[in-house]
Amino acid sequence: GAPYPLVAFSHGSYGIRFQSVFLMEYLASHGFVSISPDHERNTFLDPDESAFGVLVERPGDMQSSVDHLLELAQRPGELLTGLVDDGEIVAMGHSFGAFTSLVLGGGRWSSEAVAPWCAEHPEASLPCQYLDGVSDDLIAD
């Protein structure tokens, strides 16, 4: 039944590309090509808590990985040649990966919307720490 739909998975903050291998294998066994890249400087192997850039870079990581896979699927003689549908592509993720997927789908960062929650939760996670350094249009571009 080739070509098969493509699902791109984004791991959570300080996760790794194979944290949800059970899910990727399940999707693959049900007719999807699945891809799950590491997000540099945001895995448990290379954590960089000072790098707010990971907030901005994660969607690009996903897009680059998908583009590379689609390129390979067009080359004669490659493992996935002719197997990947380059039409609609699904992005999904866990935790921070879900945020990454929402951005890929057109979601926008809104510091105005996040600020009240962060004020009520001073111990909160990375996005709250980035409020002063991230403009609302930075992530969507």
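So, here is what we can say about the structure in this document. On a predicted model such as this, the values are computed, not experimentally measured, just so you know.

Each value, and the rule that gives it
- Numbering of residues starts from 1 in each chain and follows the order in which that chain's sequence is written.
- Only residues with pLDDT of 70 or above have their local features reported here, since the model is predicted, and side-chain atom pairs are shown and tallied only from 80 upward, although totals for entire chains, interfaces and linings are computed over all residues.
- Computation of side-chain values covers all heavy atoms of the structure but excludes hydrogens and water.
- Take the buried Ala, Val, Leu, Ile, Met, Phe, Trp, Tyr and Cys residues and link them wherever side-chain atoms come within 4.5 Å; each set so joined is a nonpolar core.
- Think of it in three bands: residues with accessible area under 20% of the maximum for their type are buried, residues over 50% are exposed, and the middle band is partly exposed, with areas taken using a 1.4 Å probe on protein chains only.
- Under the scheme used here, helices are H or I runs from DSSP no shorter than 4 residues and strands are E runs no shorter than 2 residues, and both carry numbers assigned from the N terminus.
- When a carboxyl oxygen of Asp or Glu lies within 4 Å of a side-chain nitrogen of Lys or Arg, that pair is called a salt bridge.
- Working definition: a ring pair exists when centres of Phe, Tyr or Trp rings (six-membered ring for Trp) sit within 6.5 Å. Plane angles under 30 degrees give stacked, over 60 give edge-to-face, the rest tilted.
- Identification of polar contacts relies on pairs of N or O atoms within 3.5 Å, with a donor-acceptor requirement for protein atoms, meaning one able to donate a hydrogen and the other able to accept it, and with residues adjacent in sequence counted only if both atoms are side-chain atoms.
- Any two residues whose heavy atoms approach within 4.5 Å are treated as being in contact.
- Only residues whose relative accessible area exceeds 30% and that take part in no salt bridge are eligible for patches, with like-charged residues grouped when within 9 Å of each other and nonpolar side chains (Val, Leu, Ile, Met, Phe, Trp, Tyr) grouped when within 5 Å.
- Accessibility throughout is a Shrake-Rupley quantity obtained with a 1.4 Å probe, and a residue counts as covered only by protein chains that appear here.

### A few points about the nonpolar core
Now for step 1: In this structure, Leu-6, Ala-8, Val-33, Ile-35, Met-62, Val-66, Leu-69, Leu-70, Ala-73 and Val-84 together form the largest nonpolar core, which totals 10 residues.
Now for step 2: Those elements that provide at least two residues to this core are β1 (4-10), β2 (33-35) and α2 (53-74).
Now for step 3: Take this core: its biggest share by element is five residues, from α2.

### Here's the deal with the pattern of salt bridges
Now for step 1: Per the counting criterion, the structure on display carries five salt bridges.
Now for step 2: The closest approach of N and O atoms between Arg-17 and Asp-38, which form a salt bridge, is 2.5 Å. Of this pair, Arg-17 sits in the loop between β1 and α1 (21-29) while Asp-38 sits in the loop between β2 and α2; the two residues are 21 residues apart in sequence, bridging distant segments of the chain.
Now for step 3: Glu-57 is paired through a salt bridge with Arg-41; the nearest N and O atoms lie 2.6 Å apart. With Glu-57 in helix α2 and Arg-41 in the loop between β2 and α2, the pair connects residues that are 16 residues apart, well separated along the chain.
Now for step 4: On the basis of relative accessible area, Arg-41 is assigned to the partly exposed category, the value being 27%.

### Digging into the packing of aromatic side chains
Now for step 1: Under the definition given, this model contains one aromatic pair.
Now for step 2: Aromatic side chains Phe-96 and Phe-99 sit 5.9 Å apart centroid to centroid with 25° between the ring planes, which places their arrangement in the stacked category. Residue Phe-96 and its partner Phe-99 are both found in helix α3 (residues 96-104); the two are separated by three residues, about one turn of the helix.
Now for step 3: Phe-96 gets classed as buried once you look at its relative accessible area, which sits at 8%.

### Quick look at the side chain of Thr-43
Now for step 1: As for its position among the elements, Thr-43 is in the loop between β2 and α2.
Now for step 2: Side-chain polar atoms of Thr-43 contact the backbone nitrogen of Leu-45, separated by 3.1 Å.
Now for step 3: Not counting residues within four places of it along the chain, the set of residues in contact with Thr-43 comprises His-11, Tyr-14, Gly-15, Ile-16 and Asp-38.

### Side note on unusual backbone geometry
Comment: phi is negative for the bulk of residues other than glycine, and the bulk of peptide bonds are trans.
Now for step 1: Geometrically, the link from Ala-2 to Pro-3 is a cis peptide bond, its omega value of 0° lying close to zero.
Now for step 2: Relative to the helices and strands, Pro-3 resides in the segment before β1.
Now for step 3: Phi is positive for Ser-95, close to 60°, though the residue is something other than glycine.
Now for step 4: Position of Ser-95 relative to the elements: it lies in the loop between β3 (84-93) and α3.
Now for step 5: On the accessibility criterion, Ser-95 (55% relative accessible area) is exposed.

### Some details on a nonpolar patch on the surface
Now for step 1: Taken together, the side chains of Phe-18, Val-21 and Phe-22 present a nonpolar region at the surface, about 330 Å² in accessible area.
Now for step 2: Among the secondary structure elements, Phe-22 is positioned in helix α1.
Now for step 3: With relative accessibility at 59%, the residue Phe-22 sits in the exposed group.

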